[in-house]
Amino acid sequence: MQADPVDKPRILVLASGSGTNLQALIEASRERDFPGDIVAVGSNRPQAFALERAAQAGIETFTVDHTRYETREAFDNALRLELERRQPDLVVLAGFMRILTEDFVRAFQGRMINVHPSLLPRYRGLNTHQRALDAGDEVHGVSIHFVTEDLDGGPVIARAEVPVRPGDTAETLAERVQAREHLLYPIVIRWFCEGRLQLAGNDRILFDDVPVPEALTLPAA
Ligand code: GAR
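None of these values were measured; they are calculated from a predicted model.

Q: Would you mind going over the overall build of the protein chain in detail, with residue names and values included?
A: If you tally the helices and strands in the protein chain, you get 6 helices and 11 strands. Here the C-alpha radius of gyration of the protein chain, 17 Å, is about what a compact globule of 221 residues would show, namely 17 Å. C-alpha extents for the protein chain along the principal axes are approximately 50 × 45 × 35 Å. Across the 221 residues in the protein chain, those meeting the buried criterion constitute 49%.

Here it is as structure tokens:
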């Protein structure tokens, strides 16, 4: 029997920009057997196109505009209230470009994941594509990780590699990486919603209750 949608894990997505990862998740969630329900999409930017994508898909949206808060703590407290009201089982950061306070991260630890455009632990932070080019890397990619207090440093669940080709720019590389993000993120979210993925302590991942020694890595095609 098909589970009633209200019984599915509640996914809340936070995004700051264009929302192509959100779009990939919306499309995956339309599959009949998708084990989660996207209950809301929030942004710190009122103009984020991600909000429009959500509205078009009939998903509730909300904004907590960071420019209206004097401190990071005040912004995070307001955001946290919005999240807690909606009781998410999983918080999906999909291009959410705010650094979150430790208190906020602790409140959602084990149920908050992020997509980062590099093969972590390489290139935490910004400008990852240009940094991979500057370093002469032949392989670059994307990582999906649990969010912990260590910025971009939480345990990696899965990675997908892409080749760096002669003549690549940060833009061409970003496009290739994003195509892999759109494939990988919904798969990881599916695993979480199926109850297969767990964060143990700060730095260990359990998959089907078994500790994972190495993040799953899809090789460069
Ligand atoms: C994605 O490429 C994601 O990896 C990156 O932002 C982009 C958002 O695109 N995230 C980070 O840089 C997080 N530090 P989207 O809005 O089209 O999904």
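Q: Describe the site of the ligand, with residues and values.
A: Contacts to the ligand come from Gly-17, Ser-18, Gly-19, Thr-20, Asn-21, Gly-95, Met-97, Val-115, His-116, Pro-117, Gln-178 and Glu-181. For the ligand, an oxygen atom lies 2.9 Å from a polar atom in the backbone of Asn-21. Across the complex, the protein chains shield 86% of the 450 Å² of accessible surface that the ligand would expose by itself. The cavity that encloses the ligand is the largest pocket. Elements with a minimum of two residues in the shell around the ligand: helix 1 (20-29), strand 5 (112-116) and helix 6 (170-193). Grouping the constituent residues of the shell around the ligand by class yields 3 nonpolar, 8 polar and 1 charged.

Reading the values: the criteria
Residues numbered from 1 in each chain as written. Predicted model: local features only at pLDDT ≥ 70, side-chain atom pairs only at ≥ 80, totals over all residues. Heavy atoms only, no water. Helix = DSSP H or I, 4+ residues; strand = E, 2+ residues; numbered from the N terminus. Rg over C-alpha atoms; globule rule 2.2 N^0.38 Å. Buried < 20%, exposed > 50% of the residue type's maximum accessible area, 1.4 Å probe, protein only. Near = heavy atom within 4 Å. Polar contact = N/O pair within 3.5 Å; in protein donor to acceptor, adjacent residues only side chain to side chain. Areas by Shrake-Rupley, 256 points an atom, 1.4 Å probe, with all protein chains shown as cover. 1 Å grid on protein atoms, 1.4 Å probe; cavity = no way out; pocket = protein on both sides within 12 Å on 5 of 7 lines; lining within 4 Å. Sits in = over half its atoms within 2 Å of the grid points. Nonpolar A, V, L, I, M, F, W, Y, C, P; charged D, E, K, R; others polar.

Everything listed is a geometric property; what it means functionally is a separate question.
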